[in-house]
Amino acid sequence: MLSDRHRGLIPVKPFQEKVGSKKNITKAAMKPINEKKNVYFNYHDQVEHLIQVGVSLSGEKNIDRLLEIIVEEARKLTNADAGTLYIMSDDETELKFAIVQNNSLDIHMGGLSEAISWPNVKLKNKDGRENRANVSAYVAISGKTINIHDVYNVEGFNFEGTKQFDKKTGYRSKSMLVTPLRNHENEIIGVLQLLNALDPSTGEIINFSAESQKIILSLASQAAVALSNSHLIHDLESLFELFIKTIATTIDERSPYTSGHIRRVAELTMAIAKKINETRQGCFADVKFSDDQMRELRMAAWLHDMGKITTPEYLIDKKTKLQTVHDRIHEVKTRLKLIKKDYVTAAQSEKKDLPVSKVLRSAEAEMKALDKEYQFLREVNKGEEFMSDEKIARIKDIAKREFFMDGESRPLLSEEEVYNLCVRRGTLNEEERNIINNHALVTHKILSGLPFPKKLRHVGDYASAHHENIDGSGYPFGLKGDEIPLQSRIIAIADVFEALTAKDRPHRKAMALSEAFNIMESMVKDNHIDKDLFEFFIAEKIYAAYAKRELTPQQIDV
Ligand SMILES: [Fe+2]
Ligand SMILES: [Fe+2]
C-alpha cells in the first residue's frame, strides 16, 4: 500500500546516499552527459526550449519519430540520463513500451530504432486488484506525478525489475520522475518515466527539481496533444486508404476475369516509383518522390479504374460480339432451326407422298449450308480474328435469310446484330468501346469532386490520365507528352503490363513476358507509352519480383 507521502508531487525519500556518483555507474555510464550541447542550467532556458519543443512536436507527423522526440526532449529539459515512454493499450489494461533510451548504456529502442520486445506492464494483477506496486502502472491508474529520490530506497513500489536490470548492466538507477500523458479529453494515453537527473557540472545523479517537474508536466501535456492529433490523423488516413482499397476491390470483383487487377497495378506502380527513387543514374536520377508524393501516387494507382463503377457489367467482360446480358448467338441458332423446320415443312407439302427422311435427304445440301453459316457466325461472334471485307460481305448475305415467327417474316439477323458482328477487331463496337473508355473520364469526374487534402490534391489528375498516349491519341483529354504527369505514365506502364500478363483473362492464354514486352515495344514505337519508363522497367528488371509472385513459371521466359 502506498503511503500518502508517496503520492502526488512529494519527493518520496530524502536523498540519503551518495550512490549514483560516477564510480557507481559502469564505464559506459561515464559517457559525460554534461558534454552535450543542450544542458540546461536555469529555468528560463528550460521554458524557452519547451516553447521550441512544442513547435517541433506539433510539426512531426511520423508517430514513431514523435515518440522519440518526446523522450529526447524530456531528457534534455531535465538533463536526465534515461527515459521510457509507455503508451496505454487500446483496451486500457496495460502499458506498452514505446521508447526506451539510456544515454550511459547507449540504449535506443522503440520508435524508428529496434522494436521493444519487453512484456507490457499490466494495470491489474492476476487477482484483479490494481497494480499499484509498479510505479508506471500506479501513475497510469492514479494520474499522479511521482518524483522519487532513490528507487533503491523507497516504500510502496516494487523496483525489483529495475534492480535486476542494474545488476546485469552495472547501472545504478536512482532518481526518477514519472508523469502521465493526458489527451484533450483528459484521458491518460501514456506514461513518461525519466531516470537519473544529472548535475550539469559534475555529472552526478541528483534529484529531479521542482522546476524540472513543472517543465515535464507541461511537456507531457503538449506531447499528449501532439500524440493524440497524430493518432487521429493516422487513424483517418488509414480509414481513408482502407476505404479506397475496398472500393477498388469491389470494382475489380465485378468481373471474375479482372479481379486483382487494381491491386496488381498499384503494386507495379509503386515498384517502379521506388526504383526511380533509388536510381542515381540515367534520366530518372534527379526524380525523387517524397513520402507524401508516394502516398499520393499509391492512392492514384488504387483509384485509376474508379470510373468502371459506372460501366455496365456485360461490357466489362464482353466475350462475344452478340453479347448483351446473354450471348445472342443462341437466338440466332434457334432462328436457323426455325428456317430448317420451315424448309422441311415446305418441302414436304411439295412432295406429299415422300417420307420425311427422303425429303430431308433431298434438302441435305441446303441444311449443310445453314449449318456452315451458323458455324461461321459462331466463329466471327468470338471476335478473335480480324474481319476481312469478304467476311463482312458474307455476314450481310447470311443476314438476308428470313425466318417466320408469329406469322411474320423477319431477317435472320437484325441490323444491330449485323453491326455488332461486323466489328473488325475484338468484341466491342465503337459505342461500347466509348462507354468502356469513358471510365477514365468518370474517374476524373468522381475524384475531382472530392476535397482531397492539399498533399493529395493530384490524385484525380494522376488516376484519370492513365489512358492518355504520348502522341496525344489517348483519352479522356488527349493529353500529349509532358502534359501527361510522370505519375500517370507510370500507372500506364503498370496497367498495360498487368493486362497483358494477367492469367485470368477470358479466351486468352496467359501471355509470356517476352510476348508482353514485344507488344509494349510496339506501343513505344507508336508513341503511346513512355519510352524512357519502359526501358527503365526492363533494364532495372522491375517486373522480375512481380512475375515471380504473380505469374506462372511458363510465362517467365526472359
Ligand atoms: Fe483503365
Ligand atoms: Fe486498369
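Residues numbered from 1 in each chain as written. Chains lettered and ligands numbered in written order. Predicted model: local features only at pLDDT ≥ 70, side-chain atom pairs only at ≥ 80, totals over all residues. Heavy atoms only, no water.

Draft legend 1. Structural view of the coordination of the iron ion (ligand 2). Coordination of the iron ion (ligand 2) by the protein is provided by His261 (NE2), His304 (NE2), Asp305 (OD) and Asp495 (OD), with metal-donor distances spanning 2.2 to 2.3 Å. Coordination at the iron ion (ligand 2) is irregular: its 4 donor atoms span angles of 80 to 173° at the metal. Among the residues examined, aspartate 495 registers a relative accessible area of 8% and is labelled buried. (Donors = N, O, S within 2.8 Å, 3.2 Å for Na, K, Ca; no water. Tetrahedral: all angles 85-135°; square planar, octahedral: opposite > 155°, others 65-115°. Buried < 20%, exposed > 50% of the residue type's maximum accessible area, 1.4 Å probe, protein only.)

Draft legend 2. Representation of the layout of surface pockets within the structure. Considered as a void within the structure, the second largest pocket measures approximately 870 Å³ in volume. Forming the boundary of the second largest pocket are 34 residues, of which Tyr86, Phe97, Trp118, Gly161 and Thr162 lie nearest the centre. Breaking the lining of the second largest pocket down by element, the ones donating at least two residues are β1 (80–88), β2 (94–102), β4 (121–122), α3 (135–142), α4 (160–169) and β7 (188–198). When the residues that make up the lining of the second largest pocket are grouped by side-chain class, the tally is 13 nonpolar, 16 polar and 5 charged. (1 Å grid on protein atoms, 1.4 Å probe; cavity = no way out; pocket = protein on both sides within 12 Å on 5 of 7 lines; lining within 4 Å. Points joined across faces, edges and corners; volume = space filled by probe spheres on them. Helix = DSSP H or I, 4+ residues; strand = E, 2+ residues; numbered from the N terminus. Nonpolar A, V, L, I, M, F, W, Y, C, P; charged D, E, K, R; others polar.)

Draft legend 3. Geometry of the coordination of the iron ion (ligand 1). The protein atoms that coordinate the iron ion (ligand 1) are Asp305 (OD), His439 (NE2), His466 (NE2) and His467 (NE2), at distances spanning 2.2 Å. With 4 donor atoms in place around the iron ion (ligand 1) and angles of 83 to 170° between them, the coordination shape is irregular. In this structure, the iron ion (ligand 1) is positioned 3.5 Å from the iron ion (ligand 2), and both are ligated by aspartate 305. Of this pair, aspartate 305 sits in the loop between α7 (291–303) and α8 (313–316) while histidine 466 is found in the loop between α15 (459–464) and α16 (486–501), placing the two residues 161 residues apart along the sequence. Looking at aspartate 305, the relative accessible area reads 2%, which means it is buried.

Draft legend 4. Spotlight on the pairing of β1. Where burial is concerned, most of β1 is hidden: 9 out of the 9 residues are buried. The pairing of β1 with β7 spans 7 bridges and is classified as antiparallel. Considered in β7, the bridge of alanine 82 is made with leucine 195. Bridge count for β1 against β2 is 7 bridges, and the pairing is antiparallel. Across the sheet, residue tyrosine 86 finds its bridge partner in β2, namely phenylalanine 97. (Pairing = 2+ DSSP bridges.)

Draft legend 5. Region of the structure containing the confidence of the model for the protein chain. Confidence along the protein chain averages 87 in pLDDT terms, with 92% of residues attaining 70 or more. The least confident element of the protein chain is helix α10 (residues 356–362), whose mean pLDDT is 74; the most confident is helix α18 (residues 531–539), at 98. Ignoring residues within four places in sequence, the model shows residues 1–38, a span with pLDDT below 50, making 88 contacts including any to other chains. (pLDDT = per-residue confidence, 0-100. Contact = heavy atoms within 4.5 Å.)

Draft legend 6. Local environment of unusual backbone geometry. Of note, the amide linkage connecting tyrosine 475 to proline 476 takes the cis form, showing an omega dihedral of 10°. Mapped onto the elements, proline 476 comes out in the loop between α15 and α16. In this structure, glutamate 92 is a non-glycine residue whose phi angle is positive, near 55°. Here glutamate 92 lies in the loop between β1 and β2. With phi around 55°, aspartate 106 is a residue other than glycine that occupies positive phi space. When you line up the elements, aspartate 106 lands in the loop between β2 and β3 (107–110).

Draft legend 7. A look at the packing of aromatic side chains. According to the stated counting rule, one finds 11 aromatic pairs in the structure shown. Against the face of tyrosine 152 rests lysine 163, its NZ or CZ located 5.5 Å from the ring centre. Over the ring of phenylalanine 376 we find arginine 394, and its NZ or CZ is 4.2 Å from the ring centre. (Phe/Tyr/Trp six-rings, centres within 6.5 Å; stacked < 30°, edge-to-face > 60°. Lys NZ or Arg CZ within 6 Å of the ring centre and 35° of its normal.)

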